[in-house]
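Architecture at a glance
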Amino acid sequence: MDEQALLGLNPNADADFRQRALAYFEQLKISQDAWQVCAEALAQRIYSDDHIKFFCFQVLEHQIKFKYSELTEVQQQLIRETLITWLQAQMVNPQPEKTFIRNKAAQVFAMLFVTEYLTKWPKFFFDILSVVDLNPRGVDMYLRILMAVDAELVDRDVVHTSEEARRNTLLKDTMREQCIPSLVESWYQILQNYQYTNSELTCQCLEVVGAYVSWIDLNLIANERFINMLLGHMSVEVLREEACDCLFEIVNKGMDPVDKTKLVESLCQVLQSAGLFSIDQEDDVDFLARFSKLVNGMGQALIASWTKLVKSGDMKSAQDTLQAIEAKVALMLQLLIHEDDDISSNIIGFCYDYLHILKQLSALSDQQKTNVEAVMLAVMKKLTYDEEYNFENEGEDEAMFVEYRKQLKLLLDRLAQVSPELLLASVRRVFNTTLQNWQTTRFMEVEVAIRLLYMLAEALPVSHGAHFSGDVTKATALQDMMRTLVTSGVSAYEHTSVTLEFFETVVRYEKFFAVEPQHIPNVLMAFLDHRGLRHTNAKVRSRTAYLFSRFVKSLNKQMNPFIEDVLNRIQDLLELSPPENGYQALLSSDDQLFIYETAGVLIVNSEYSAERKQALMRNLLTPLMEKFKVLLEKLMMAQDEDRQMALADCLNHAVGFASRTSKAFSNKQTVKQCGCSEVYLDCLQTFLPALSCPLQKEVLRSGVRTFLHRMIICLEEEVLPFIPSASEHMLKDCEAKDLQEFIPLINQITAKFKTQVSPFLQQMFMPLLHAIFEVLLRPAEENDQSAALEKQMLRRSYFAFLQTVTGSGMSEVIANQGAENVERILFTIIQGAVEYPDPIAQKTCFIILSKLVELWGGKDGPVGFADFVYKHIVPACFLAPLKQTFDLADAQTVLALSECAVTLKTIHLKRGPECIQYLQQEYLPSLQVAPEIIQEFCQALQQPDAKVFKNYLKVFFQRAKP
């Protein structure tokens, strides 16, 4: 071997050596006999360096995985012998191999097993067992090999091909017949031999049993001698976690419901008599988390049995099983309420399913009602934050608690289905008690009280948030709690979690303020002062900005008396932050968007006259326009790139804010009624000069484009005079991304104004196409993925543009571009349909072709188009689906094929018998299609029902492709 190259295997080697080692590995993989050198190195223990041993196993692994069939019988035998020799050496080596080498060796053994067990090496496991016997190092390797085999055969995380899945099923069936009983016996011997002397091997063996139990005969494991041994392990500290997992797998195994109940019950009796149900005596949380998972498995197994028995009508056994379930509830509750969230989280599945059973029963016993109440109290207690939760810097622990809270919410929702009255009464009790004394109560208790009120909104579902009408008891309870929330002064509690929960709940129950509008001023003040938008915490300010906009929008009818006051109070929050370093604005520009939208909504939905609305809107937008002009001048002069970027961002925010105010309008009608058209036209005139700024083009163009999109909706044809010059600027020095974002604007204009913009489209059609073709034809690096993707997206945009033009009845825009240009455009569409393996673009191309055939394919169509149909469009309908890249199993591709069928149907519709004749006598024979298939194809094409032909076409190409 190349000793120099091998030096690079060491992780600490420098980059050049590592590069050389990688190249050497690739070289050995393709070499004919390199694997033999590696096999010899392993069998004869030539190298002591761990990384070289690992490397040798990798080369062998590659040989077995990819090139095994090329080896002779003798060479295959050599690989088997090498592995067995290496295994024998493990028992006598002075030092055991490192774990990573043992794991890699086990993978190589497993790979050889998968390849050879059914044919050349049926005694695989027996040969290994005869070598290792009960030698601890040998047993360690044997167990690792078993885990590696299980991973190859049943690992759910590995995606297997259907061929591999078939092979794996056959391997498991053969193992069950030939060797599983012997393997199970060997496990029993290992457990018996090492349970008190080698906890590591015992745990490994328990892991193997747990893995295999899912696919072997359960009776081999679920019998007296095995179960007793496992239960014995439950009392041994170093073994009990693995024993727990192993019992969990046994309980999880599918079996007859009556037998399952018996098995779970017998396990429970022994576990209980061993004192394992006394949770409060146990302080090992890692073990309790596993034990909780086991109890959860037993509970869910019993519930699955109960469901099956009820379905089959065996009510006697179902009743017995229900009693068994009820007997576990006390233990379940102890685990649910445990202070460790992992332990609690592991039992939630059982708890959830138990409540589901109660929901199905016609009446609940007193004990069951007590259980429901206990679950409810547990959920309320466990929803509470603990002292350690870090609100300022949320890390992994905090994220896990948030996830855990989501699980508890599901339990709460399920409780509401079992007993909504009880849930409402419990929440009301906790809420009222806490809010009466909120000043002296810890933050986490105040937060959870408000949180529970918030959660009721989803737990007690109503349509359209109508919580305050309908059922009087419920409406009164919620109304009382909301009144307490907004009058208690709790919004002043100095903890971010309470503040946020207050605002979230107020917005969730906005319908309350329609019933009791007298509370709106208090809540608005909370939003606007140091409790909300001016809070010391940025996270609170940011969330409040969003919630404030929702609150105002939902209560627009009730907001009228407060509009001017609110607009005055938010004045300072609307200021455009200057691009000077170190300036700390209260709100980020994203948060300001919500404030601008809110201001727009307040003005537009007010009951003021059009003049007053116009004046208010002008007050809102004029400062933006003035600031914009000043900043644009500064940008033109700026030398430093960072300064340019800061200025461009600031300009972009100004445009974005103006755009956002227009969200209050749904269409031109509402803008006109408010007398606001002029203000927005002024904005347009102010913002458009930014398009001719040579600096920071991408940022500026993007903002102005978005504004134009909004104005097309708000001002409609009043925008049209601005479009030609804007388009001209946006087409200068374009990148793929610029064009991609510009085309939807033109599509919007084309689809909305149709023939109104025909002259403009005819004029800018070829300049736009030239810009697109110029970008598409730019050379790019062969493996530059992002450039290739940008071009693909631009191609899609280009075809989408042609689809909009033809679909809006404006084909004359294309027809008037001169014969040469028209031909070029048509060929790009054919190319898009056939050449590029992008089904989304192909679908669009076939839609365009169908439309053009429909418009131009008749007897009075443009000269030469009928020729084009037969020479290019018909062949495209066959060449595209015949390509290897046209995958008929892919949903998008099937849609493209469907449009291809429409194109052929449209050609037949426009050209009639002449089309059938061409297919029968010229085109299909040229593809070597058999006469009877040609006949069948033409019959299908002539069917009046288009669906019949679409289905036929798919079958036609499935048969045609190898």
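Procedures and definitions
Residues numbered from 1 in each chain as written. Predicted model: local features only at pLDDT ≥ 70, side-chain atom pairs only at ≥ 80, totals over all residues. Heavy atoms only, no water. Phe/Tyr/Trp six-rings, centres within 6.5 Å; stacked < 30°, edge-to-face > 60°. Helix = DSSP H or I, 4+ residues; strand = E, 2+ residues; numbered from the N terminus. Buried < 20%, exposed > 50% of the residue type's maximum accessible area, 1.4 Å probe, protein only. Expected span 1.5 Å × (residues − 1). Polar contact = N/O pair within 3.5 Å; in protein donor to acceptor, adjacent residues only side chain to side chain. Domains from an automatic or database assignment. Disulfide = S-S within 2.5 Å. Core = buried A, V, L, I, M, F, W, Y, C linked by side-chain atoms within 4.5 Å. Contact = heavy atoms within 4.5 Å.

1. With respect to the packing of aromatic side chains
- Taken as a whole and assessed by the stated rule, the structure comprises 52 aromatic pairs.
- Seen from their ring centres, Phe109 and Phe124 are 6.5 Å apart, and the 70 degrees between their planes marks the pair as edge-to-face. A residue pair is termed long-range when its members are at least 10 positions apart, and Phe109 in helix H6 (residues 99-116) and Phe124 in helix H7 (residues 124-132) qualify at 15 residues. Pair check on accessibility: Phe109 and Phe124 agree, each one buried.

2. Comments concerning helix H15 (residues 285-312)
- Spanning 28 residues, H15 covers 40 Å between terminal C-alpha atoms, matching the ideal 40 Å at 1.5 Å per step.
- At the N-terminal boundary of H15, the capping side chain belongs to Asp284, with an oxygen 3.1 Å from the backbone nitrogen of Asp286.
- Positioned one or two residues after H15, Gly313 has a phi angle of 85 degrees, which is positive.

3. Here we look at the domain arrangement of the protein chain
- Considered domain by domain, the protein chain is made up of domain 1 (256-385 + 397-418) and domain 2 (818-961).
- The centre of domain 1, based on its C-alpha atoms, is set 61 Å off from the matching centre of domain 2.

4. Overview of the state of the cysteines
- Applying the stated criterion across every chain yields a total of zero disulfides.
- There is no disulfide at Cys268, and the cysteine sulfur nearest it, in Cys244, is 12 Å away.
- Residue Cys734 stays outside any disulfide, its sulfur separated by 15 Å from that of Cys693, the closest cysteine.

5. Looking at the nonpolar core
- In terms of nonpolar packing, the biggest core is built from 340 residues, with Met175, Trp187, Tyr212, Phe291, Phe878 and Phe937 touching the most fellow members.
- Each of domain 1 (256-385 + 397-418) and domain 2 (818-961) contributes no fewer than three residues to this core.
- Apart from the residues lying within four places of it in its own chain, the contact partners of Met175 are Phe113, Tyr117, Phe125, Leu153, Ile180, Leu183, Tyr212 and Trp215.

6. Examining unusual backbone geometry
- Notably, Glu716 is not glycine yet its phi reads approximately 50 degrees, a positive angle.
- Relative to the helices and strands, Glu716 resides in the loop between helix H34 (697-715) and helix H35 (723-730).
- Assessed through its relative accessible area of 23%, Glu716 is described here as partly exposed.
- A positive phi angle, near 60 degrees, is found at Gln928, a position not held by glycine.
- If you trace the backbone, Gln928 turns up in the loop between helix H44 (913-926) and helix H45 (931-941).

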